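# Per-entry structural report
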Amino acid sequence: MIITLKKGSKKKETDLIIGKIKKLGYKPHISKGKDMTIIGMIGEYAEKYRDIFAAMEAVENISEIQKPYKLASREFQKNNTVIKVRRNVEIGGKQIHVMAGPCAIETKEILFKTAKIIKNAGATIIRGGAFKPRSSPYAFQGLGEKGLKYMEEAGEKLHMPTISEAMSAEQVELVSKYCDIIQIGARNIQNYDLLKEAGKQKKPVLIKRGMATTIKELLLSAEYILSQGNYNVMLCERGIRTFEDSTRFTLDLNAVPVLKKLSHLPVILDPSHGIGIREHVGTMAKACIAAGADALILEVHPKPEEAFSDGPQSLLPDQFEKLMKELDLVAKAVGRELL
Ligand code: PEP
Ligand code: MN
């Protein structure tokens, strides 16, 4: 249920409504616009209290959100959410950001080398996993906390925010201690304990759509994080599994306009995992920007043939540099900025 307050309502009146919501055992979600405040009272059977709030002086209107995902929906918030990451990086506005780096943090040297390359080419966020969800238990599983420490150092040295994956609820605290954005991977989108834990801390969270997850399920997973009070959530399309086997996954570009229509949250695209073939990543990256992505995830490695994971889809430094210039042109063509 959404309670819209009258223009110019006083703080005292807002507090009264918030207090009432809490007293009834619900959590208020407050969205303050330039000239409007709306308070979400989300939870089972909230509507049965409608009349109590309708009778309150400061209340202009009460409406119900029809969608099962409430806080993630455009009905709850009309304007796009712009997420403030560290070091002046804002995701969801006119500027398109590129999160780039190796699939996994392998050594300090490779991470630092890659971070320098991507920064010089115009990327604004360093990516790299310290906890890797691998199909085989014998494959490289990541450096763990040691890798996160390298990531923090790289971020400090280059003055760039960082993103890394947490695979379990227990890892959330560790990743948020060292990195600026917590990534929730495709395989963990329905790990509800992990989602709740990510919602209890304040760092922005990027949630990746599962390879067999509908758009509605992606939004409901985002809702888990939002409902815990963390409103800094980004939605990421990274390819779904279809009958097509000439590419690693099928990047669902349809998800971009659909998510933008249904939700106010920033939409991030990962063409590296989406197509899985280095030669074609650039083409899809351009398509992602044309479709309306707010940021991209791109895997880059100085020597992809020696990468511990995802070498075949990792861009070479020269390719990345050239691509960034092309992406900037596409961004400008659709009224955005990249470099
Ligand atoms: C990754 O970003 O390296 C990764 C493992 O992604 P996904 O969860 O989309 O497979
Ligand atoms: Mn990867």
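See the structure above.
About the criteria used
- Residues numbered from 1 in each chain as written.
- Chains lettered and ligands numbered in written order.
- Predicted model: local features only at pLDDT ≥ 70, side-chain atom pairs only at ≥ 80, totals over all residues.
- Heavy atoms only, no water.
- Donors = N, O, S within 2.8 Å, 3.2 Å for Na, K, Ca; no water.
- Helix = DSSP H or I, 4+ residues; strand = E, 2+ residues; numbered from the N terminus.
- Buried < 20%, exposed > 50% of the residue type's maximum accessible area, 1.4 Å probe, protein only.
- Near = heavy atom within 4 Å.
- Polar contact = N/O pair within 3.5 Å; in protein donor to acceptor, adjacent residues only side chain to side chain.
- Areas by Shrake-Rupley, 256 points an atom, 1.4 Å probe, with all protein chains shown as cover.
- Nonpolar A, V, L, I, M, F, W, Y, C, P; charged D, E, K, R; others polar.
- Pairing = 2+ DSSP bridges.
- Axes fitted to C-alpha atoms, helices over the stretch in contact; angles between N-to-C directions.

What follows covers the coordination of the manganese ion (ligand 2). For the manganese ion (ligand 2), the full set of protein donor atoms is Cys 103 (SG), His 273 (NE2), Glu 299 (OE) and Asp 310 (OD), at a range of 2.0 to 2.4 Å. Sequence spacing of the donor residues for the manganese ion (ligand 2), all on one chain, is C-x169-H-x25-E-x10-D. A residue pair is termed long-range when its members are at least 10 positions apart, and His 273 in helix 9 (residues 271–275) and Asp 310 in the loop between strand 14 (295–299) and helix 11 (317–333) qualify at 37 residues. This pair shows no difference in class: His 273 is buried, exactly as Asp 310 is.

Looking now at the site of ligand 1. Arg 127, Ala 186, Arg 187, Lys 208 and Arg 238 are the nearest of the 13 residues found near ligand 1. Between Gln 183 and ligand 1, the recorded distance is 3.0 Å, taken from a side-chain N or O atom to an oxygen atom. Alone, ligand 1 offers 300 Å² of accessible surface; in the complex the protein occludes 97% of this. When the residues that make up the shell around ligand 1 are grouped by side-chain class, the tally is three nonpolar, three polar and seven charged.

Strand pairing in a sheet takes place through backbone hydrogen bonds and is either antiparallel or parallel in direction. Pairing within the open sheet is antiparallel, and its four strands lie in the order 2-3-1-4. Each edge of the sheet is formed by a strand with only one pairing partner; in this case those strands are strand 2 (27–32) and strand 4 (59–63). Neighbouring strand axes in the sheet, compared pairwise and without regard to direction, differ in orientation by 20 degrees on average.

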